[in-house]
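# Breakdown of the fold
So the chains spell out like this:
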Amino acid sequence: MLELRGINTYYGKIHALRDVSLSVQEGEIIALIGSNGAGKTTTLMSVSGIIPPSSGEILFKGRAIHDSSPEAIVRLGIAHVPEGRRIFPFLTVMENLSLGAFLRKDRQNIKKDLDTVFDLFPILKNRKDQPGGNLSGGEQQMLAISRAFMARPGLLLLDEPSLGLAPLVIKQIFEIITELNTTKGTTLLLVEQNANLALKTAHRAYVIENGCITLTGKGRELLVHDDVRKAYLGL
Ligand code: ATP
């Protein structure tokens, strides 16, 4: 579904991604793990066109998107939930969710997907008329993921969904991520510092260090890999 081939991305003189290649097959959850500043967020931003790569190719369903605008990439079916869950704080929960579905043409299915969101996150139903900014951090993350889901993207990019949240909320969010994948067929590329959770959730994973992919394998295999255990799992 998604293929990055030899991506190089710069911020001025900072060479943030060095020859990054990775792939995501339809139906997979792929995790990208690494420490602070390794290049995880930049990888997602390169895919969604926010920070276009200076060389290399990005293919989505076989079509080159590395020169496309973020708007065009969204229209092709890639939704990005950025780090820090940027919802619209002055709009209600319902309005945030409706905006997620703004580009959809299959209006008749929107109500069904809204019911799905409210089934997955009953708290959002209870709060549907409240401004998004009144929600707790965890609820805002639920709203950010749900808003992206309402676009019914082919590919969902999730940046650090666990950041700043309590362990119980993180557990709930990861259960929903798995459910979106298994029951709703959503393909996910997930960036996480919580390597343990990410590797348990993902089918496959990539490790990124200083802008380079250094390791890849099945999530469960990397969980027991010596280098990963030492560097990312504190074992
Ligand atoms: P974190 O987990 O801390 O968010 P990350 O793995 O997502 O880290 P990136 O945010 O992609 O890492 O950063 C990769 C490199 O690019 C780092 O060296 C970072 O300092 C640099 N960088 C990121 N954003 C910018 C920016 N807007 N301007 C300049 N340099 C940047």
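Quantities reported herein were computed from a predicted structural model and do not represent experimental measurements. (Residues numbered from 1 in each chain as written. Predicted model: local features only at pLDDT ≥ 70, side-chain atom pairs only at ≥ 80, totals over all residues. Heavy atoms only, no water.)

So, about the overall build of the chain. Per the secondary structure count, the chain includes 10 helices and 10 strands. Structurally, the chain occupies a C-alpha span of about 45 × 40 × 30 Å along its principal axes. In the chain, which comprises 235 residues, the share counted as buried stands at 51%. Of the contacts formed within the chain by residues at least 6 apart in sequence, a portion of 67% connects residues at least 24 apart. Element-wise, carbon and sulfur atoms account for 52% of the exposed surface of the chain, whose accessible area totals about 11100 Å². For the chain, the separation between the mean place of its 27 positive charges and that of its 24 negative charges on side chains is 3 Å. (Helix = DSSP H or I, 4+ residues; strand = E, 2+ residues; numbered from the N terminus. Buried < 20%, exposed > 50% of the residue type's maximum accessible area, 1.4 Å probe, protein only. Contact = heavy atoms within 4.5 Å. Areas by Shrake-Rupley, 256 points an atom, 1.4 Å probe, with all protein chains shown as cover. Lys, Arg positive; Asp, Glu negative; His and termini not counted. Charge placed at Lys NZ, Arg CZ, Asp CG, Glu CD.)

Across five bridges, the pairing between strand β1 (residues 2-11) and strand β4 (residues 55-60) is antiparallel. Within β4, the position partnered with Glu3 by the bridge is Leu59. Of the pairings in the sheet, the one linking β4 to strand β5 (residues 63-64) comprises two bridges and is antiparallel in character. When the bridges of β5 are listed, Phe60 appears paired with Arg63. (Pairing = 2+ DSSP bridges.)

A word on unusual backbone geometry. Non-glycine residue Lys61 carries a positive phi angle of around 50°. Following the sequence through the fold, Lys61 ends up in the loop between β4 and β5. On the basis of relative accessible area, Lys61 is assigned to the exposed category, the value being 56%. In the Ramachandran plot, Asn210 falls in the positive-phi region, its phi being about 45° despite a non-glycine side chain.

Pairing is possible between side chains of opposite charge, provided their charged atoms come close. Taken as a whole, this structure holds 10 salt bridges when the rule is applied. Across the pair Glu3 and Arg5 runs a salt bridge whose closest N-O atoms are separated by 3.2 Å. Given the relative accessible area of 31%, Glu3 is considered partly exposed. In this structure, Arg204 engages Glu28 in a salt bridge whose closest nitrogen and oxygen atoms are separated by 2.7 Å. (Salt bridge = Lys/Arg side-chain N within 4 Å of Asp/Glu carboxyl O.)

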